[in-house]
Amino acid sequence: MFDLLVCLSLFNMLLLRIWAQLLPAVVNPANLYYMEEAPHRIHYPLVLWSLVAAAALATAFAARARRSRRPWPRAVARGALVVLALAALNSLASQLPSETLGVLAGSKGRLAEALLGITAAATLVATLWLRPRWVYSAIEVFAIIGLPFLLMTVGQAIWTFAGHEPGRFAGGVLTSDPPAALLPSRQSGAPRVVWIVFDELDQRALFTARHPGLELPEFDRLRAESFVALNAFAPARETRRSMASMLLGRQVSWALPSGPSTLPCTIEGGGEEEAVDDCWTQFPNLFQRVRESGANAGVSGWYHPYCRLFADALTACTWAGLPYWNSPRVRDSFDQQWHEIVKPLPLASRWLRPGTRIRLAHRDAFERILAAALEMAPDPDLGFAMLHFPVPHHPDIYDPERESLSLTDRRSYFDNLALADRTLGEVRTVMEAAGLWDASIVIVSSDHWWRAIHRGDWGLTPEEELVFADERDRRIPFLLKLANQHETSVYPRAFNTLLVHDLILDLLAGGGSTPASVADWLDERRATAPVPYLSPARRPSVGRATRGIEVNRSSDSG
């Protein structure tokens, strides 16, 4: 019985990363922001089954090893106990705040962490050699200390399963309010804007250094009839801050969700910073401003919970969050359990590839957003539509040879880029069929450049490694097709696409009717929105803002 309790406690700590995502009492409030609904209830009994089954098998093996007359089964059992304890300890360490780990490492960076790890490993090996019983006793004490946590996790898993509510989780409301009422139709000929954001669309990949053999006819066709910016830069390096910046028209230097609909942030401007408890309620957003102008607005997008945040300003909305234990399939549950257990292990994550579950969730999100986008783009009642697609952002879900979505492994960023091109063509086709393509203003841009370092578990294909691993070119595409524009116009100066907020409002008001007037508009305002990560140096901030601000340096001249 004692062995079973020890194994249950250790395996339970090994599952800490999973419990931190499933249990309302310990879930990170930031996760609620990206959730469309609570984790599916099937995962709670399945995780408990994994816990009990693993502990029972380990206990049975230990009992059999004790009865064996041969020394090697007992040695294997003791070695497995040490490995299990180390894995549980590593799982616990992976959940500590980075500031805590920095203190433990003496705030000296990776070298100090490496030396600390080597010292700990050497001490463990020496103790196992000289006083092995000390190690086994320490593991038993460690497991006993963790027993109250075992009771908490098992009890709360059962409680959450019994009272499961898809629209509520961890005290947060995950549902969205009904959309806003449809405003009366505007006068005939009023400007109409469709803003298409392709997540992680990269200037170098798209135009400057396109992969040999990659054909992107729709992007090329749009470029031939658009205002083309050669040196556009996103406000930030990730979607959370970049999209918030563009939707608010303010530079968001730090942001971290604290609930389903709240995004505490720090606004930067004029050399000063302002920290607020929620970006979305503190400042007017683009959709509110569009509605105030008398135009109906619609959104089909991913990542940010657009429909929860902006329901009062949108007459049409579809959004898809991040995959968060939402699959009802048993196989997907065990697949996700395995990835969450292995991911914190040193070196192991290097060989992890995205499971079918992850690609399937990304494909489903893309298909849902595309279906809604193809309804909003040609809808004459919408004066403004924002279509935020989750491609070419990984995981890669397209097979260009078969021209179909794919869940097979070893696809690449370039495959998803071909999917973005096909998507642009589909949006154009439905707008042309409705007679709205020529009459509409169409903007195609991105929320950030292609980030090789963010490929993480997906790894890099050899082609990606050759082209993008240096991550030195941080430009994004920016194509603006004005109404009835059929010739290209090039804008060479650098600017922050933070300005798209004001530009869209100006276009809806009837400004910027020619490429020359758009160029003049940018010339007048681009100095008011410098690109933060292109600055030679930035002073670290104080207070809450320092938790998320990156101090970046780049040799890019823009």
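Refer to the structure above for everything that follows.
Conventions and cut-offs
Residues numbered from 1 in each chain as written. Predicted model: local features only at pLDDT ≥ 70, side-chain atom pairs only at ≥ 80, totals over all residues. Heavy atoms only, no water. Helix = DSSP H or I, 4+ residues; strand = E, 2+ residues; numbered from the N terminus. Buried < 20%, exposed > 50% of the residue type's maximum accessible area, 1.4 Å probe, protein only. Pairing = 2+ DSSP bridges. Axes fitted to C-alpha atoms, helices over the stretch in contact; angles between N-to-C directions. Left-handed = near helix turned anticlockwise from the far one by under 90°. Contact = heavy atoms within 4.5 Å. Expected span 1.5 Å × (residues − 1). Patch = residues over 30% accessible without salt bridge, like charges linked within 9 Å, V, L, I, M, F, W, Y side chains within 5 Å. Areas by Shrake-Rupley, 256 points an atom, 1.4 Å probe, with all protein chains shown as cover. Salt bridge = Lys/Arg side-chain N within 4 Å of Asp/Glu carboxyl O. Disulfide = S-S within 2.5 Å. Core = buried A, V, L, I, M, F, W, Y, C linked by side-chain atoms within 4.5 Å. Phe/Tyr/Trp six-rings, centres within 6.5 Å; stacked < 30°, edge-to-face > 60°. Lys NZ or Arg CZ within 6 Å of the ring centre and 35° of its normal.

Draft legend 1. Looking closely at the overall build of the chain. Counting its regular elements, the chain contains 21 helices and 15 strands. Relative to its full complement of 558 residues, the chain shows a buried share of 50%.

Draft legend 2. Representation of the pairing of strand β6 (residues 265-269). Where strand β5 (residues 251-255) and β6 come together, four bridges link them in antiparallel fashion. Considered in β6, the bridge of Val 252 is made with Ile 267. Of the pairings in the sheet, the one linking β6 to strand β7 (residues 272-276) comprises five bridges and is antiparallel in character. Across the sheet, Cys 265 pairs through a bridge with Val 276, a residue of β7.

Draft legend 3. Layout of the packing of helix α4 (residues 43-67) against helix α5 (residues 71-94). Where α4 meets α5, the axes come as close as 8 Å, and the angle between the chain directions of the two elements is 145 degrees. Judged by the twist between their axes, the crossing of α4 over α5 is left-handed. Packed against α4, whose contacting residues are Phe 61, Ala 65 and Arg 66, the element α5 presents Pro 73, Arg 74, Val 76 and Ala 77 at the interface.

Draft legend 4. Looking closely at helix α16 (residues 330-342). Its 13 residues place the ends of α16 19 Å apart at the C-alpha level, agreeing with the 18 Å of an ideal helix rising 1.5 Å per residue. Those residues of α16 lying buried are Asp 332, Ser 333, Gln 336, Gln 337, His 339, Glu 340 and Val 342.

Draft legend 5. How the structure looks around the side chain of Thr 160. Note on placement: Thr 160 falls in helix α9 (residues 147-162). With residues up to four places along the chain from it excluded, the contact list for Thr 160 reads Pro 24 and Tyr 44.

Draft legend 6. How the structure looks around helix α12 (residues 239-248). The buried fraction of α12 is high, at 10 of 10 residues. Along α12, the positions that sit buried rather than exposed are Thr 239, Arg 240, Arg 241, Ser 242, Met 243, Ala 244, Ser 245, Met 246, Leu 247 and Leu 248. Within two residues after α12, Gly 249 carries a phi angle of roughly 70 degrees, on the positive side.

Draft legend 7. Representation of a nonpolar patch on the surface within the structure. Taken together, the side chains of Trp 49, Val 330 and Phe 334 define a hydrophobic patch exposed on the protein surface, amounting to about 300 Å² of accessible area. Along the chain, Trp 49 turns up in helix α4.

Draft legend 8. Here's a closer look at the state of the cysteines. If you walk through the whole model with that rule in mind, you get two disulfides. Two residues, Cys 307 and Cys 317, share a disulfide whose sulfurs are 2.1 Å apart. Between Cys 307 and Cys 317, the S-S torsion sits near -100 degrees, and that sign places the bridge as left-handed. Residue Cys 307 is found in helix α15 (residues 306-309), and its partner Cys 317 is found in strand β9 (residues 316-320); the two are separated by 10 residues along the sequence. Look at Cys 317 and you get partly exposed, because its relative accessible area is 25%. Look at the chain and number its bonded cysteines as they come in the sequence; the links are 1-2, 3-4.

Draft legend 9. Geometry of the pattern of salt bridges. Under the defined criterion, the tally for this structure stands at 19 salt bridges. One salt bridge in this structure joins Glu 367 and Arg 363, with 3.9 Å as the shortest N-O distance. Within this pair, Glu 367 and its partner Arg 363 are both found in helix α17 (residues 356-376), separated by four residues, close to a single helical turn. Given the relative accessible area of 38%, Glu 367 is considered partly exposed. Arg 363 sits in the partly exposed class, given a relative accessible area of 23%. Close ionic contact of Asp 399 with Arg 411 constitutes a salt bridge, the shortest N to O distance being 3.8 Å. With Asp 399 in strand β11 (residues 398-399) and Arg 411 in the loop between β12 (404-405) and α18 (413-433), this residue pair connects regions lying 12 residues apart in the sequence. Per residue, the accessibility class of Asp 399 equals that of Arg 411, and both read buried. Here the salt bridges do not stand alone but share partners, grouping Asp 399, Arg 402, Arg 411 and Asp 415 into one network.

Draft legend 10. How the structure looks around the sheet that holds β5. The antiparallel open sheet is built from three strands, whose spatial order is β5-β6-β7. Single-partner strands in this sheet number two, and they are β5 and β7. Each strand axis lies, on average, 25 degrees off the axis of its neighbour in the sheet, ignoring direction.

Draft legend 11. Molecular detail of the nonpolar core. Residues Trp 195, Phe 384 and Phe 389 are the most contacted members of the largest nonpolar core, which totals 108 residues. In this view, Trp 195 contacts Met 243, Met 246, Leu 247, Leu 286, Phe 384, Ala 385, Met 386, Leu 387, Ile 443, Ser 445, Val 500 and Ile 504; residues no more than four positions away in its chain are not counted. Among the nonpolar cores identified, the runner-up in size contains 35 residues, and Leu 8, Phe 11, Leu 14 and Leu 22 belong to it.

Draft legend 12. Examining the packing of aromatic side chains more closely. Applying the stated criterion across every chain yields a total of 17 aromatic pairs. For the pair Trp 280 and Phe 310, a centre-to-centre distance of 5.2 Å together with 90 degrees between the ring planes defines the contact as edge-to-face. One end of the pair, Trp 280, is in helix α13 (residues 279-282); the other, Phe 310, is in the loop between α15 and β9, and 30 residues separate them in sequence. Judged by its relative accessible area of 1%, Phe 310 falls in the buried class. An aromatic cluster of three or more residues is present, and its members are Trp 280, Phe 287, Tyr 306, Phe 310 and Phe 384. The cationic tip of Arg 41 hangs over the ring face of Phe 161; the distance from NZ or CZ to the ring centre is 4.2 Å. Of note, Arg 223 hangs over the ring of Phe 207, and the distance from its end group to the ring centre comes to 4.3 Å.

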